[in-house]
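Summary of the model geometry
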Amino acid sequence: MKLNSPLQVYKYLPQINCAECGDATCMAFGAHLIDRSKKLEDCPPILKDKYKKKYIELQTLLAPEIRQVTIGVGENVKNIGGDDVIYRHQLTFFNPTAFAYDVWDTMPEQELIDRVNKISNFRKFYVGKFLKVDMVAIRCVSGDAMKFAGAVKKVAETTKLPIVLCSFDPVCLRAALEVVKERRPLVYAATEKNWSEVAELAQNYKVPVVLFSPDLDKLKSLAATFQEMGIKDLVLDPGTYPQGKQLKESFERFVKLRRAGIKEGQKDIAYPLMSIPLNAWLVYKDAVTASYWETVLASVFIVRYADIMILHSLEPYAMLPEVHLRDTIYTDPRTPVKVAPGVNEVGSPTKDSPVIITTNFALTYYTVESDLSSNKINCFLAAVDTDGIGVEAAVAGGQLTAAKIKDTFAKANFEIKEKTTHSTLILPGLAARLQGDVEDVTGLRVMIGPPDSGRIPGWMEKNWPPKQK
Amino acid sequence: MTKKIKLSELGSLFGGLDIEALEGVKIEGDVELDLGQMGLNPQMAYALGHETAQMAFHLMNISRILGYPIDQMLGSPAQQKPVRPSKLIESKFGVARNEDWKTPIQEVVLGATSSDGGSRKSTVTLGGEVALPYYFDGPMPHRNHITMDVFDMPINMAKAVKSNYEDVINSPAEWAKKVVRDFGADMVTIHLISTDPNIKDTSPKEAAKTVEDVLQAVDVPIVIGGSGNPEKDPAVLEKAAEAAEGERCLLASASLNLDYARIAEAAKKYNHVVLSWTQLEINAQKELNRKLMKQCGVARENIIMDPTTAALGYGLDYAYTNMERIRLAGLSGDLELNFPMSSGTTNAWGARESWMVSSPLKEDTDWGPREYRGPIWEIVTGLTLSLAGNDLFMMMHPTAVQVLKEITQTLYGSKETEPVNIDDWVSAVV
């Protein structure tokens, strides 16, 4: 965005401090616009005609450096791009890299349906939410427009996920667009050779389109030409070569394009970038090796600037690290990952239920909490204030101590001797060395749980209820 | 004469395209819309917008009938044929090098050959970068290196890791030989964990003997790691440093919560390099580096940093950004942060996804075989940090080492392969 202080934004706001946006002053609202935690549309007065000119000006000035492109419709719509910085600590990255997994039009129908369902149904629990994947990319392998359109139709019937149509043949693309034009699919791709016909499709069907060329001059030519034609929902694929010097150059192209787009404000190429880690399969035929290398390519380009990518491997050992790395890079570094310290009930604990200790690092807390609740273990779970540091590091660094544990129960008014029949605390296995201290400070019995909360169910079977002394 | 019209009048005025009614009416840009009575709820606004657009449409038609070149004036896309250039607009893409990066990262040599008073066959040089890793802004003089973990006693390991070391688990020297000979380790890290008073309380003297054994067994540079016990480590590293005099080992580690000055002193006295370890805190890293240099007198070419590695899914976001900030600060001239970095990539094996048989949560999609999950967890953790600027990786799994080497050396530019044509990837049969 072109503005960098709340004061600059303030000049364009109504300056009436009406507080309708939820902030007390227009200046405060301006600060939220700068850090992108609020939208201009959250200000009802500026939407009035009186401020129309300023609204339009401000809208332009606040627009992200990299254009945001919308794919799909309805509840599964995905935005890609929209970034304003080249390092996440400078603000945060927006719109996590969209993962599109491929299917192809020569697949037997049932296989196609199964694969689409596998893509749609993938989920991995993480910090209070499920990590999922986003899109289905349909590749035209047959070269037959009818066949391609048929596969696209089948996919559209099977899933609500946004769709990417992949073919360099405008005839095939047109046939597929006829089938799914209502779904606002992403069209892949226009090249030096087919650009004129593909541009026409983008104009007629009003769909976003990918431009593909590993030659950055040509890619920029394509982008400039499409813009001239009024097509602005563009995505750039600068080529993802799977190995050797070509891969190094691919990496450099992503870095160059993003730097030019954000740091140098080169509007012609300030579009979302697409990477094709699937190309790992062009050089590796063995499924494990190819899946590994595809994950490696995906990782490189998740970190360095791909806004959308097309992947092939549905092996969990490929998908799990991919969804986790994307979450890693796109997590907002401004949001502390802590939960409120205190003693919480999991399920419906009684006086005989265990009291389990963990830290207030959100990841640890949610992991333990989900392990307990999903295994139906009723208990009290204490989140000790360790400044959001995990168990092992907090024990080493002195943020998890006997005194802190005692303090957590005192502040929560949780008198263990009254609230339980067993007067026992369970420490995480990784905090075993605190056992003596905690016994001394609290006067309670202290048991040592497993080092990983995933093993609490087995541990409970063996150790709970505690044997009488 | 000019007559002002209001919205409410417009409808009746042009209701039947009554062109005669236009006589004497000058329509100005400031058509006055009296909305006072109506309020402005969204529905009403929409209806009004619609009404106004209709009017505008009629007015345009009128102008057209009157022979005014309205389409030209509006450039109206709805009325015009879309632009269809016959050829691509010629363009040249260019982007500038980053001018903020003026300070190179300190070069640090690990290991010493006989000509330099040691007994290593080869040395490893880290640092020297003038840009973020693999960027086009400037040459990256040294590739990433990998040092593989060896422990001075059998420890708990994930099954996928353990199966590689069962034959050497009781002999650090054999273990060290194996990682260099079979797994391509550039260096070896000997972790003296048995010295922890809560484990075996091995004496510093005995631990130093283990270090000598490892130095005998391999001729690559080594890292000497303590047990992580802050009371015991200074004494252990001191003795080990003495035993390895002149070998330019990396002493792991000096940190703010132990007597770092003793470790710094040992490094100076016996010619070693200090690993400056802090926990995910850029300011603490600055502080410790400053203390090592100013207070302890450690030379710049004898410092490497370990800003802490958290595993993928377990705080890698902090580790990544911390390293990236440290590297950017160093390149931009912060002389307390422009040192090479080392990562305890083995920490990836702490992530349950790397070792657990299956997800403890029934809602999760099946996690698949763990033999494949573990190494890739280690690879992705390391690779992510390599992109943030990490130079040296402490690792455990042979496959992870091999793959990380392949990708980092590819991005570094030393991997030659046959060119691949990706132009038809869409129709590839995979």
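Residues numbered from 1 in each chain as written. Chains lettered and ligands numbered in written order. Predicted model: local features only at pLDDT ≥ 70, side-chain atom pairs only at ≥ 80, totals over all residues. Heavy atoms only, no water.

**With respect to the overall build of chain B**
- The number of helices and strands found in chain B is 13 helices and 10 strands.
- Each of the 430 residues in chain B was classed as buried or not, and the buried ones make up 55%.
- Summarising the internal contacts of chain B: among those between residues at least 6 apart in sequence, 69% fall at separations of at least 24.
- Element-wise, carbon and sulfur atoms account for 51% of the exposed surface of chain B, whose accessible area totals about 19,200 Å². (Helix = DSSP H or I, 4+ residues; strand = E, 2+ residues; numbered from the N terminus. Buried < 20%, exposed > 50% of the residue type's maximum accessible area, 1.4 Å probe, protein only. Contact = heavy atoms within 4.5 Å. Areas by Shrake-Rupley, 256 points an atom, 1.4 Å probe, with all protein chains shown as cover.)

**Focus on unusual backbone geometry**
- A189 of chain A follows Y188 of chain A through a cis peptide bond whose omega is 0 degrees.
- Here A189 of chain A shows up in strand β8 (residues 186-190).
- Here the residue pair A252 of chain B and S253 of chain B is connected by a cis peptide bond, since its omega of 0 degrees sits within 30 degrees of zero.
- One can find S253 of chain B in strand β6 (residues 250-255).

**Quick word on the domain arrangement of chain A**
- Segmenting chain A into domains produces domain 1 (6-62), domain 2 (68-330) and domain 3 (342-463).
- Look at where the C-alpha atoms of domain 1 of chain A and domain 2 of chain A centre, and you get two points 34 Å apart. (Domains from an automatic or database assignment.)

**A look at helix α5 (residues 145-158) of chain A**
All names here are of chain A.
- For α5, which comprises 14 residues, the first-to-last C-alpha distance of 20 Å matches the rise-based estimate of 20 Å (1.5 Å per residue) to within 8%.
- Looking at α5, one finds that the buried residues are A145, F148, A149, A151, V152, V155 and A156. For α5, the arc enclosing every buried residue in end-on projection is 160 degrees, short of the 170-degree limit, so these residues lie on one face.
- At its buried positions, α5 is contacted by β3 (98-104), α4 (109-121), β6 (135-139), β7 (163-166) and α6 (170-180).
- The N-capping residue of α5, defined by a side-chain oxygen 2.9 Å from the backbone nitrogen of M146, is D144. (Expected span 1.5 Å × (residues − 1). Arc of directions from axis to C-beta. Polar contact = N/O pair within 3.5 Å; in protein donor to acceptor, adjacent residues only side chain to side chain.)

**Quick look at the sheet that holds β8 of chain A**
All names here are of chain A.
- The 8 strands lie next to each other as β10-β9-β8-β7-β6-β3-β12-β11, forming an open sheet whose pairing is parallel. The two strands at the open ends of the sheet, each matched to only one other strand, are β10 (234-237) and β11 (274-275).
- Its contacts with the sheet put helix α7 (residues 195-205) on β8 and β9 (209-212), and the angle it makes with β8 is roughly 160 degrees. (Pairing = 2+ DSSP bridges. Axes fitted to C-alpha atoms, helices over the stretch in contact; angles between N-to-C directions.)

**A look at the sheet that holds strand β9 (residues 342-343) of chain B**
Residue and element names in this part refer to chain B.
- Read from one edge of the open sheet, 8 strands run β8-β7-β6-β5-β4-β3-β10-β9, paired in parallel fashion. Every other strand in the sheet has two partners, leaving β8 (303-306) and β9 as the edge strands with one partner each.
- The pairing of β9 with strand β10 (residues 392-395) spans 2 bridges and is parallel. The partner of S342 across the bridge, within β10, is L392.
- Strand contacts of helix α8 (residues 260-270): β6 and β7 (273-277), with the helix running at about 155 degrees to β6, the strand carrying the most contacts.

**Examining the pattern of salt bridges**
- Within this structure, the stated rule accounts for 48 salt bridges over all chains.
- A salt bridge links R304 of chain A to E324 of chain B; the shortest N-O distance between them is 2.9 Å. Pair noted here: R304 of chain A is in the loop between α10 (287-303) and β12 (308-311) and E324 of chain B is in helix α10 (residues 316-331), and the two residues belong to different chains.
- Across the salt bridge formed by D167 of chain B and K178 of chain B, the nearest N and O atoms sit 3.1 Å from each other. (Salt bridge = Lys/Arg side-chain N within 4 Å of Asp/Glu carboxyl O.)

**Structural notes on the interface of chain B and chain A**
- Between chain B and chain A, the contact holds 87 residues from the first and 95 residues from the second.
- For the pair chain B and chain A, the summed buried surface comes to about 8,100 Å²; carbon and sulfur atoms form 64% of the total.
- Three residues, F93, W425 and V430 of chain B, lead the burial of chain B against chain A; their summed loss comes to 11% of the area buried on that side.
- On inspection of chain B and its partner chain A, the count reaches 8 salt bridges.
- The partner of R352 of chain B in a salt bridge is D452 of chain A, and the shortest N-O contact between them spans 2.8 Å.
- Our enumeration of links across chain B and chain A arrives at 34 residue pairs in polar contact (both at pLDDT 80 or more).
- Going through the elements one at a time, α10, α11 (352-355), α12 (370-388) and α13 (398-412) of chain B are the ones with two or more residues in the side of chain B that touches chain A.
- Among the elements that line the side of chain B that touches chain A, the one with the most residues is α12 of chain B, at 11 residues.
- Residue composition of the side of chain B that touches chain A, grouped by class: 45 nonpolar, 18 polar and 24 charged. (Buried area = accessible area lost by both parts, 1.4 Å probe. Nonpolar A, V, L, I, M, F, W, Y, C, P; charged D, E, K, R; others polar.)

**Let's talk about the pairing of strand β2 (residues 78-81) of chain A**
Residue and element names in this part refer to chain A.
- Bridge count for strand β1 (residues 68-71) against β2 is 4 bridges, and the pairing is antiparallel. Directly across from Q68, in β2, lies its bridge partner G81.
- What sits between β1 and β2 in their antiparallel hairpin is a turn of 6 residues, with G72 showing a positive phi close to 85 degrees.

**A look at the packing of aromatic side chains**
Residues and elements named next belong to chain B.
- Throughout the structure, instances matching the rule amount to 19 aromatic pairs over all chains.
- With 5.3 Å between their ring centres and 35 degrees between their planes, Y165 and W175 make a pair best called tilted. With a gap of 10 residues between them, Y165 in the loop between α4 (159-162) and α5 (172-181) and W175 in helix α5 connect regions that are remote in the sequence. Of the two residues, Y165 and W175, neither departs from the other in class, the shared state being buried. (Phe/Tyr/Trp six-rings, centres within 6.5 Å; stacked < 30°, edge-to-face > 60°.)

**Some words on helix α6 (residues 204-217) of chain B**
Residue and element names in this part refer to chain B.
- In a regular helix each residue adds 1.5 Å, so 14 residues correspond to 20 Å; α6 covers 20 Å between its end C-alpha atoms and thus fits that length.
- Residues P204, A207, A208, T210, V211, V214, L215 and A217 constitute the buried set of α6.
- Next to the buried residues of α6 lie α5, β4 (187-191), β5 (222-225) and α7 (233-243).

**Re the side chain of S120 of chain A**
Residue and element names in this part refer to chain A.
- Along the polypeptide, S120 turns up in helix α4.
- Only 2.8 Å separates the side chain of S120 from the backbone oxygen of V116, close enough to count as a polar contact.
- For S120, the contacting residues outside a window of four places in its chain are T159 and L161.

**Examining the packing of α5 of chain B against α6 of chain B**
Residue and element names in this part refer to chain B.
- Two elements in contact, α5 and α6, have axes separated by 8 Å at closest approach and are oriented at 35 degrees. Read as a crossing pair, α5 and α6 show a hand that is right-handed. On the side of α5, the interface is formed by P172, A173, A176 and K177, while α6 contributes T210, D213, V214 and A217.
- Each residue belonging to the contact of α5 with α6 can be placed in one class, and the counts come to 5 nonpolar, 1 polar and 2 charged. (Left-handed = near helix turned anticlockwise from the far one by under 90°.)

**Points about the environment of K48 of chain A**
- The topology assignment puts K48 of chain A in the loop between α2 (26-34) and α3 (52-62).
- Through-space distance from the C-alpha of K48 of chain A to that of S120 of chain A is 42 Å; in sequence the pair is 72 residues apart.

**Describing the packing of helix α14 (residues 402-411) of chain A against helix α16 (residues 435-442) of chain A**
All names here are of chain A.
- Relative to each other, α14 and α16 sit at 45 degrees, their axes nearing to 8 Å. By the criterion of interaxial angle, the relationship of α14 to α16 is oblique. Two packed elements cross with a definite hand, and for α14 against α16 that hand is right-handed. Contacts between α14 and α16 pair A402, I405 and K406 from the former with D437, V438, V441 and T442 from the latter.
- Here the residues of the contact of α14 with α16 are counted per class, giving 4 nonpolar, 1 polar and 2 charged. (Parallel < 35°, antiparallel > 145°, perpendicular 65-115°, else oblique.)

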